[in-house]
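Fold and contact review
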Amino acid sequence: MQTPILKMQHITKEFTGVKALKDANLDLYAGEVHALVGENGAGKSTLMKILTGIHQKNGGTIEFMGKPLHLKSPKEAQDMGIIIVHQELNMMNHLSVAENIFIGREEKKLGFWLDDKSINQKTAELFQKLGISISPTETIGNLTVGKQQMVEIAKAISYHAKIIIFDEPTAALTETEINELFCMIADLKKKGVGMIYISHRMDEIERITDRVTVMRDGEYIGTVNTKDTTKDEIINMMVGRVIYEDPKTQSTVSDDAETVLQVNNLTMYPHVKNASFSLKKGEILGFAGLMGAGRTELARAIFGADKPDSGTVFIHGKRAEISSPMDAVANGIGYLSEDRKRYGVAVDLSVSENSVMPSLKKFSSLGFVNSAAIHKVSSEYCEKLKTKTPSVHQLVRNLSGGNQQKVVIAKWLIQNSEILIFDEPTRGIDVGAKSEIYTLMNELAQMGKSIIMISSELTEVLRMSDRIIVMCEGRITGELDIKDANQEEIMKLATKRESAG
Amino acid sequence: MNDIIENIKTKGMQKFIALGALIVLYIAFSVFGTNFFTVDTLVSIFDASYYIGFLAIGVTFVIITGGIDLSIGTVMMCSAIVGGTLYNNAGLPLWLCLIIIILVGGIFGLGNGIMVSRLKLPPFIATLGTMMVASGVGSIVSNVQSTTFPMRSAADGWYKDIFRTADNFPTGIFVLIAFTVVAVILLNKTVIGRYTFAIGSNKEATRLSGVNVQKWETVVYVLSGLFAGLAGIAYAATYTTILPGAGQGFELQAIAGVVVGGTSLSGGVGSIIGTFIGVFIMSVLKIGLPYVDLQPHYQTLITGIVVIGAVLLDIYRSKKEKSVKQKS
């Protein structure tokens, strides 16, 4: 092949102390479809945001069409012909198809007078060339996600794109729409457009890409020719980090432990499809899967935060009607959100105020709160959980991530919850505090609490769980006992799509 | 033809509900009110609609971007006071003073625009501040005295003819319609309007498309300010005397008209024609209620209920839109 049109070398990027990219490389030829893969948090998105001018790199070099590239804004990237088709479509829903495509580049008369006839016509011509049958005057919000995506791709092409980046383009598409997308990609390939294709779907990568670059933990791992490699090899490259945490090898739950939670056929379309599982007393049940697999949505449905379409929940063998978080709390369920600052703690309230938030009723009479009792119980739990805070009057804002998490745990322990749902329990928590949280979770399980742990970190899932449930696209694709589980097996289940199944 | 029906179905539903409500209201007051159905009453409905109408048209742009402008009521009064003071004390010709009134409104709008777009203040807070600033400036400029514009009989009384002639012909309605048409064109046929909808629909996507969002957001607030200035002229022509420190509450009447007319407070959706109709609904209520023996305080109460109803309808509608989209 010729020389690459894009060469990114040794790219580094730091976000307030966190190294998102340590040493990332990527090169791309004209007319090539290049897959970029890696686990959640491997740095794919950050790298692409640098390429499209949304973020600025801290180090490294980018060469585009043989010249060094220094992007300062998304507009500059667009003008150079580097376009991204976002995973979450970036469209103005209330505007028409043509208006969306030509936003910022309107056809004008006298400088401000819009010539919509002209953009409608240009859109129609563009669509005809691409074989898309959508009316240019249709409102974007009325189109299906697949159609919206086609519009976005057409928009990219209308910029005379030299590089198009697809970020998980098929996540919300039907089988027919995917085929149409692939036809379009094949066309673009012929026209010499270089494409970067981010996806978790191995079968798609095998089907349409020429090369695969694997990233892990912000670093470049390697690039292979798609036809010379196998799915397993790619997965190995993705997960093959040195395992510095000892995985659990044996479940600590006895076979005759009571089933405390039973979920049957829970569906919340399109996020959760027909999910059934059970949770035993004293068990840590890991939920693995890729981002968007529907794990958080399932948890929120069980907790009553969102309303499922159908399905039943049994607690201690009894049918539980949970239609709000209030019902869930009354049934002994506690939810520890993945987004702690938004949904877990009230950062401007004190440790003690946060600790008794769900159980304030217990500590008040006739509407008056019993401050002494609150002080006592929150101090007691700070001590028990080794929460590092100068006093229980400290504002939660001033605590570290790990200690904030402990406050959330205390909150549910004081409420005497039996089932605790940990959603990404160690996100945003540094390594030292992580193991403290792990120890705490193990102690909770020994006390007889039952834990559902949603985690995107495979090492964490393997270290903590007694049993692992893997989800993909809203369905439960497998259940593994810890003694049979390993990273490769989980990854396979997590990418097991319905049609490929 | 089918297109038109389709368009009414998807976009104009609330506009037609509003128009229907306006007609029903007018007929109801005519039937149940004593002496409501007269030319004089109609003229006073018009009189009450001019300044609120200008305010509402201007703020419609801001609301479509997903913002709000609470300052328009006091900015209207402050601009009129500045213009009137210059006329009375500095002896400037009246036509120049009227232009200055519009410009003063524009300057307040520019201030709002800079605070919202560049300094990233929430529109509610920024314009609440401007509301008080304008009220204060008006009192300072006028030295806490009321400002009187020339009477109809005075030499410079011609400006009153813009809104009503000596023999009670409501010329103002044509002025209001003319500016409504201008606003409709601005919103639907020019770049300003396109970016107004785009920003309200998805600000970040608009920015990532390479649009200078800060500039256009500022332009929209300036437009709102200019229309507030225009409202100041209408108010002066209709009521002659401007009291310092007044104007608070008019912004809410105008916003109520906008919302009743189907513009969504969450941005991205709205129409000037809807606002026009909404303003008249509010005016018919205001003028009509005394005719069925309900005093002004009832008007405040009923206005409140109408606004809550309109917002509920808006929320219900966008919820329904969402659920339809998810299922498809």
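Residues numbered from 1 in each chain as written. Chains lettered and ligands numbered in written order. Predicted model: local features only at pLDDT ≥ 70, side-chain atom pairs only at ≥ 80, totals over all residues. Heavy atoms only, no water.

**Quick notes on the sheet that holds strand β15 (residues 284–289) of chain A**
Residue and element names in this part refer to chain A. The strand order across the open sheet built from six strands is β18-β21-β22-β15-β23-β24, with neighbouring strands paired in mixed fashion. In this open sheet, the two edge strands, each paired with only one partner strand, are β18 (333–336) and β24 (475–481). With direction set aside, neighbouring strand axes in the sheet form an average angle of 20°. The sheet contact formed by strand β23 (residues 467–472) and β24 spans six bridges and is antiparallel. Considered in β24, the bridge of C472 is made with R475. Along the sheet face, helix α14 (residues 401–414) touches β18 and β21 (419–423) and points at about 170° away from the line of β18. The sheet strands contacting helix α17 (residues 487–494) are β15, β23 and β24, and the helix crosses β23 at an angle near 35°. (Pairing = 2+ DSSP bridges. Helix = DSSP H or I, 4+ residues; strand = E, 2+ residues; numbered from the N terminus. Axes fitted to C-alpha atoms, helices over the stretch in contact; angles between N-to-C directions. Contact = heavy atoms within 4.5 Å.)

**Looking at the domain arrangement of chain A**
Bring the parts together and some accessible area is lost; that lost area is often taken as the interface size. Residue and element names in this part refer to chain A. The assigned domain composition of chain A is domain 1 (1–81 + 161–241), domain 2 (92–158) and domain 3 (259–494). Computed from C-alpha atoms alone, the centre-to-centre distance between domain 1 and domain 2 is 26 Å. Contact with domain 1, which involves 11 residues of that partner, is made by 11 residues of domain 2. With both sides pooled, the region where domain 1 packs onto domain 2 buries about 960 Å², and carbon together with sulfur makes up 71% of that total. Linking domain 1 with domain 2 are zero salt bridges, by the criterion used here. For the pair domain 1 and domain 2, the interface holds two residue pairs in polar contact (both at pLDDT 80 or more). Mapped by element, the contributors of at least two residues to the side of domain 1 that touches domain 2 are β9 (163–167) and α6 (175–190). (Domains from an automatic or database assignment. Buried area = accessible area lost by both parts, 1.4 Å probe. Salt bridge = Lys/Arg side-chain N within 4 Å of Asp/Glu carboxyl O. Polar contact = N/O pair within 3.5 Å; in protein donor to acceptor, adjacent residues only side chain to side chain.)

**Considerations on a nonpolar patch on the surface**
Together, A:L110, A:F112, A:W113, B:F169, B:F174, B:I177, B:V181 and B:I185 give the surface a local cluster of nonpolar side chains, amounting to about 770 Å² of exposed area. Top contributing element to the nonpolar patch by residue count: helix α7 (residues 172–189) of chain B, with four residues. Relative to the elements of secondary structure, B:I177 occurs in helix α7. (Patch = residues over 30% accessible without salt bridge, like charges linked within 9 Å, V, L, I, M, F, W, Y side chains within 5 Å. Areas by Shrake-Rupley, 256 points an atom, 1.4 Å probe, with all protein chains shown as cover.)

**Digging into the sheet that holds strand β16 (residues 310–315) of chain A**
Across a sheet, strands are paired by hydrogen bonds formed along the backbone, either parallel or antiparallel in direction. Residue and element names in this part refer to chain A. Spatially, the four strands line up as an open sheet ordered β14-β13-β16-β17, and their pairing is antiparallel. The open sheet is flanked by β14 (272–280) and β17 (318–320), the only strands paired with a single partner. Taken over all neighbouring pairs, the strand axes of this sheet differ in orientation by 20° on average, direction set aside. As paired strands, β16 and β17 are joined by three bridges and run antiparallel to one another. When the sheet's bridge partners are listed, I315 is paired in β17 with K318.

**Some remarks on the environment of A:L360**
Residue and element names in this part refer to chain A. For L360, the location among the structural elements is in the loop between α12 (351–355) and β19 (364–365). Judged by relative accessible area, L360 falls into the partly exposed class, the value being 36%. Taking the C-alpha atoms as reference points, L360 and N370, separated by 10 residues in sequence, lie 9.1 Å from one another. Look past the residues within four positions of L360 in its chain and what remains in contact with it is V369 and I374. (Buried < 20%, exposed > 50% of the residue type's maximum accessible area, 1.4 Å probe, protein only.)

**Some words on the interface of chain A and chain B**
With 28 residues of chain A at the interface, the matching set in chain B holds 22 residues. Of the roughly 2100 Å² buried between chain A and chain B on both sides combined, carbon and sulfur atoms contribute 58%. When the area that chain A buries against chain B is broken down by residue, the three leading residues are A:M92, A:H94 and A:L114, summing to 24%. Viewed at the interface, chain B and chain A are joined by two salt bridges. For A:E99, the salt bridge is made with B:R194, and the minimal N-O distance between the two is 3.1 Å. Taken together, chain A and chain B are joined by 10 residue pairs in polar contact (both at pLDDT 80 or more). For the side of chain A that touches chain B, the residue count by class is 11 nonpolar, 10 polar and seven charged. (Nonpolar A, V, L, I, M, F, W, Y, C, P; charged D, E, K, R; others polar.)

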